[in-house]
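Structure assessment
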Amino acid sequence: MIASLALAAGAEASEGQQQDQAPPAGDVVVYLLDHQYLPTDELTTIQAEINKIFSDAGVRITWVSNASPRRRLLANELRIVVLPSDGTRWFQGPSNIIGIAPHDDTGIGRNCFVFYRQAIWFRQQAVWRCRQAVEARIEAAMRGVEVDPYIDSLAPEDCGDRLPSLTALIVARAAAHEMVHILLAKLDHADEGLMRQSFDINELWAVGSEGGPFRLTDPEITALRSFSTPTTGGSR
Ligand SMILES: [Zn+2]
């Protein structure tokens, strides 16, 4: 199970008041700080998945890699910080947290942290399910019997082909979840879609148009559409 948690914590502690250049043009500007030194193809997959999720709300994302302005970020700007840790140093509580978006008690924050080692752990659970399913299907074929529906629930038949992009998809979906918390100053979770409190490992196999488990709900899309027109800026 993946849980994404928003911690109530003091925000903006690292930001100075210094002004620098104007933000890049874009509906939403994401400063991606990659402390994991991800390979380019993985970064590309992460960005493409996040772009796809937000495109449902008509929101286009401008990506800025490994840079962040030394000023208070605007309402349409945020940081994604990919950390190499498993996140356990951040919590006293559950250890299955893959992302957090620290914010104040009104929901205002600008940073989305994703714990890469935790994404690796989830991928490993998926690898185990894939291997179990593949072996069970081979055995069923040899015996000439039907595959147990339980096996189909573990992993799709082409799970092996999906493994190479799986970690990136986990990171992307966790990051997108935290982004919605930040952009909408949203403190609560939804019953369905991207903003559920936790994801099931079996859902992570979904690719492309199968990505339904990670879609935005209609109210979230409506709220996010305020970003899909030129913004006038201003802090919040
Ligand atoms: Zn959350």
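Before going into details, it helps to say that this report is about the structure given with it. (Residues numbered from 1 in each chain as written. Predicted model: local features only at pLDDT ≥ 70, side-chain atom pairs only at ≥ 80, totals over all residues.)

Brief notes about the nonpolar core
Formed by 55 residues in total, the largest nonpolar core has its most connected members in Cys 112, Val 114, Val 171 and Ala 175. Looking at this core, the elements that each hand over two or more residues are strand E2 (28-34), helix H1 (40-55), strand E4 (77-83), strand E5 (97-100), strand E6 (111-115), helix H2 (116-143) and helix H5 (166-183). Among the elements that line this core, the one with the most residues is H5, at 13 residues. Setting aside residues up to four positions removed in sequence, Val 114 forms contacts with Ile 80, Val 82, Leu 83, Ile 98, Gly 99, Val 171, Ala 174 and Ala 175. (Core = buried A, V, L, I, M, F, W, Y, C linked by C-beta atoms within 7 Å. Buried ≥ 20, exposed ≤ 12 C-beta atoms within 10 Å, placed from the backbone. Helix = DSSP H or I, 4+ residues; strand = E, 2+ residues; numbered from the N terminus. Contact = placed C-beta atoms within 7 Å.)

Comments concerning unusual backbone geometry
The phi torsion at Asn 66 lies on the positive side, around 50°, for a residue other than glycine. With respect to the helices, strands and loops of the structure, Asn 66 is situated in the loop between strand E3 (61-65) and E4. Taking the number of C-beta atoms within 10 Å as the measure of exposure, Asn 66 has 10 and is therefore exposed. Even without a glycine there, the phi angle at Ala 185 is positive, about 45°. Counting through the fold element by element, Ala 185 comes out in the loop between H5 and strand E7 (198-199). Residue classification places Ala 185 among the partly exposed positions, given that 15 C-beta atoms sit within 10 Å.

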